[in-house]
Amino acid sequence: MISVAIDGPAGAGKSTLARQLARDLGYIYVDTGAMYRAVGLYALRAGADPADPAAVDPLLPGIRLRLAVLDGEQHIYLNGEDVSALIRTEAVGMAASAVGANPAVRAFLLGLQRDMARTGNVLMDGRDIGTVILPDATVKIFLTASPEARARRRWLEYQAAGRPDRYEDVLADVKRRDEQDSGRAAAPLRRAEDAVLLDTSAMDLAQSLAAMKQIIKERVGE
Ligand code: DC
C-alpha cells in the first residue's frame, strides 16, 4: 500500500494540489484539515470556546465524522450532516486551528486517519501526517510558500467567490494561523526529516502539480 503524506502551512495549496494529485494517481484523498474544521464547527455551534480543552473535551464523544467521495469530490459528514461547504470559512479555520492544539482532539482523530491509510493507496494532507500520523509514509512532501504568496492566493479565491475580505486581513490571519500551528506543544507543524521540501512561492498550480508528481514518481516509480 502506498501512502503520500503532504504537510505544510495554511494556504500553501495543499488541498487543491492533493485533491488533483489523488485524482490523477487514483489514490484516496484524505483531507485531515476538514476533520479539524468539522470539530471546530461542532465546538462553535455548541457555544464552546475552541481553545478551551475543558469545554471541548466533553464534546468529543458526541462527534461522529465520516468522509465520502461524491462525484469525485470529498465530502465530510458531521453526525450525518454534510458540512463540506460550511467548514470553509475563516472563522471555522481559526476554530480548527484552536482545537488542533488540543491533544485530546488530536488523539480522537489519529485513529480515524490511520484507519483510512489502511484501506488503500492514500494521499493525506495536514500538518503532522509525515511526523505523527504516517511516520512510515512512502513519500513525504512538505509544501510551503511565503506568507504573502499564500495570503494572496487565498485572497484571490475569496475575490473570485465574491467575498469582500481585505488582503491585509487575510495576510494577518495566515500569519496568526502559522504561529498557532507551529508554536503549539501538541504535534506542531514541522517538516519531517525525510520530507522533500517544495516551496511554491514562485510556482503556479500546474508547476506545483508537476513538481509533486516528479517527487512521487522518483519514490514510487509510477
Ligand atoms: O488545512 P486546513 O486549513 O483545512 O486546516 C485547518 C486547521 O486545522 C489548521 O490551521 C490546523 C488544524 N490541522 C491540524 O492541526 N492538523 C492537521 N493534520 C490538519 C489541520
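Predicted, not measured: the structure shown is a model, and the values here were computed from it.

Each helix and strand in the protein was counted, giving nine helices and eight strands. Over its C-alpha atoms the protein spans a radius of gyration of 17 Å, differing by no more than 12% from the 17 Å that the globule rule assigns to 222 residues. Here the C-alpha coordinates of the protein stretch approximately 50 × 40 × 35 Å along the principal axes. The buried share of the protein, reckoned over its 222 residues, is 50%. Within the protein, contacts between residues separated by at least 24 positions form 74% of all contacts whose residues are at least 6 apart in sequence. Taking the 28 positively charged and 30 negatively charged side chains of the protein as two groups, their mean positions are separated by 1 Å.

This part covers the sheet that holds strand β1 (residues 3-7). The strands making up a sheet associate through hydrogen bonds between their backbones, and the pairing can be parallel or antiparallel. Sheet architecture is open: five strands sit in the order β2-β6-β1-β7-β8, paired in parallel fashion. The sheet is open, and its two borders are formed by β2 (28-31) and β8 (196-199), each paired with just one other strand. Taken over all neighbouring pairs, the strand axes of this sheet differ in orientation by 20 degrees on average, direction set aside. Both β1 and strand β6 (residues 122-126) contribute to a ladder of five bridges, which runs parallel. When the bridges of β6 are listed, D7 appears paired with G126. Helix α2 (residues 32-45) contacts β2 and β6 of the sheet and is inclined by roughly 40 degrees relative to β2.

So, about the UniProt feature "binding site: ATP" (unreviewed entry) in the protein. When the UniProt feature table is mapped onto this chain numbering, "binding site: ATP" (unreviewed entry) sits at G8, P9, A10, G11, A12, G13, K14, S15 and T16. Here P9 lies in the loop between β1 and α1 (14-25). Since its relative accessible area comes to 6%, P9 is described here as buried. With residues near it in sequence (within four places) discarded, P9 still touches K14, R127, F142, L143, T144, R150, D178 and L189. The residues contacting G11, other than those within four sequence positions of it, are R150, R153 and R154.

Near the ligand, the surroundings consist of 15 residues, among which R37, R106, R177, D181 and R184 are the closest. Side-chain polar atom of R37 to an oxygen atom of the ligand: 2.6 Å apart, as the coordinates give it. Contact distances for the ligand include 2.8 Å between an oxygen atom and a side-chain N or O atom of R106. Protein chains bury 96% of the 440 Å² of accessible surface belonging to the ligand in isolation. Counting residues per element, the ones that place at least two in the shell around the ligand are α2, α4 (90-99) and α8 (167-183). Along the lines of polarity and charge, the residues of the shell around the ligand split into two nonpolar, five polar and eight charged.

Glancing now at the pairing of β6. Counting buried positions along β6 gives five out of five residues, so the element sits mostly inside the fold. Residues V122, M124 and G126 of β6 are buried on one face, and the alternating residues L123 and D125, pointing to the opposite face, are buried as well.

So, about the nonpolar core. The biggest cluster of nonpolar side chains holds 33 residues, and the ones touching the most others in it are M35, V39, L65, I76 and V105. For this core, the secondary-structure elements that each account for two or more residues are α2, β3 (65-70), β4 (73-78), α4, α5 (103-117), β6 and α6 (129-133). With seven residues, the top contributor of residues to this core is α2. If sequence neighbours within four positions are ignored, V39 has contacts with L60, I63, L65, V99, V105 and L109. Listed in part, the 20 residues of the second largest apolar core include A18, V139, I215 and I216.

Our focus in this paragraph is the packing of aromatic side chains. Using the criterion set out here, one finds one aromatic pair in the structure. Each ring, one from W155 and one from Y167, has its centre 6.3 Å from the other, and the planes form 85 degrees; the classification is edge-to-face. Of this pair, W155 sits in helix α7 (residues 147-160) while Y167 sits in helix α8, placing them twelve residues apart in sequence. For W155, a relative accessible area of 22% gives the class partly exposed.

Cut-off values and rules
- For every chain, the first residue of the written sequence is number 1, and numbering continues from 1 onward in sequence order.
- With the structure being a predicted model, the display of local features is reserved for residues of pLDDT at least 70 and the display and counting of side-chain atom pairs for 80 or more, all residues being used for whole-chain, interface and lining totals.
- For side-chain calculations, the full set of non-hydrogen atoms in the structure is used, while hydrogens and water are omitted.
- Under the DSSP-based scheme used, a helix requires at least four consecutive residues in state H or I and a strand at least two consecutive residues in state E, with every element numbered from the N terminus.
- C-alpha atoms define the radius of gyration in this analysis, and the globule rule sets the expected value at 2.2 Å times the number of residues to the power 0.38.
- A simple rule labels every residue: compare its accessible area, found with a 1.4 Å probe on the protein chains alone, to the largest value its type can have, and call it buried under 20%, exposed over 50%, or partly exposed in between.
- Residues are treated as being in contact if the distance between any of their heavy atoms lies within 4.5 Å.
- His residues and chain termini do not enter the charge count, which takes Lys and Arg as positive and Asp and Glu as negative.
- Here the site of a charge means atom NZ of a Lys, CZ of an Arg, CG of an Asp or CD of a Glu.
- Note on pairing: DSSP must find at least two bridges between two strands before they are called paired.
- Between N-to-C directions, angles cover 0 to 180 degrees, with each direction set by a line fitted to C-alpha atoms, over the stretch in contact for helices.
- UniProt positions are given in the numbering used here, feature names are shortened, and annotations may be inferred rather than shown by experiment.
- Any residue with at least one heavy atom within 4 Å of a molecule or strand is counted as near it.
- Polar contact is defined as a pair of N or O atoms within 3.5 Å, subject to the rule that within protein one atom must be able to donate a hydrogen and the other to accept it, and that residues adjacent in sequence are counted only when both atoms are side-chain atoms.
- Note on areas: Shrake-Rupley, 1.4 Å probe, and residue coverage restricted to the protein chains presented here.
- Think of it as three bins: nonpolar holds Ala, Val, Leu, Ile, Met, Phe, Trp, Tyr, Cys and Pro, charged holds Asp, Glu, Lys and Arg, and polar takes everything else, Gly as well.
- The term nonpolar core refers to a set of buried residues drawn from Ala, Val, Leu, Ile, Met, Phe, Trp, Tyr and Cys, joined through side-chain atoms within 4.5 Å.
- Put simply, two rings from Phe, Tyr or Trp (the six-membered ring, in Trp's case) pair if the centres are within 6.5 Å, and we call them stacked under 30 degrees between planes, edge-to-face over 60, tilted for the rest.

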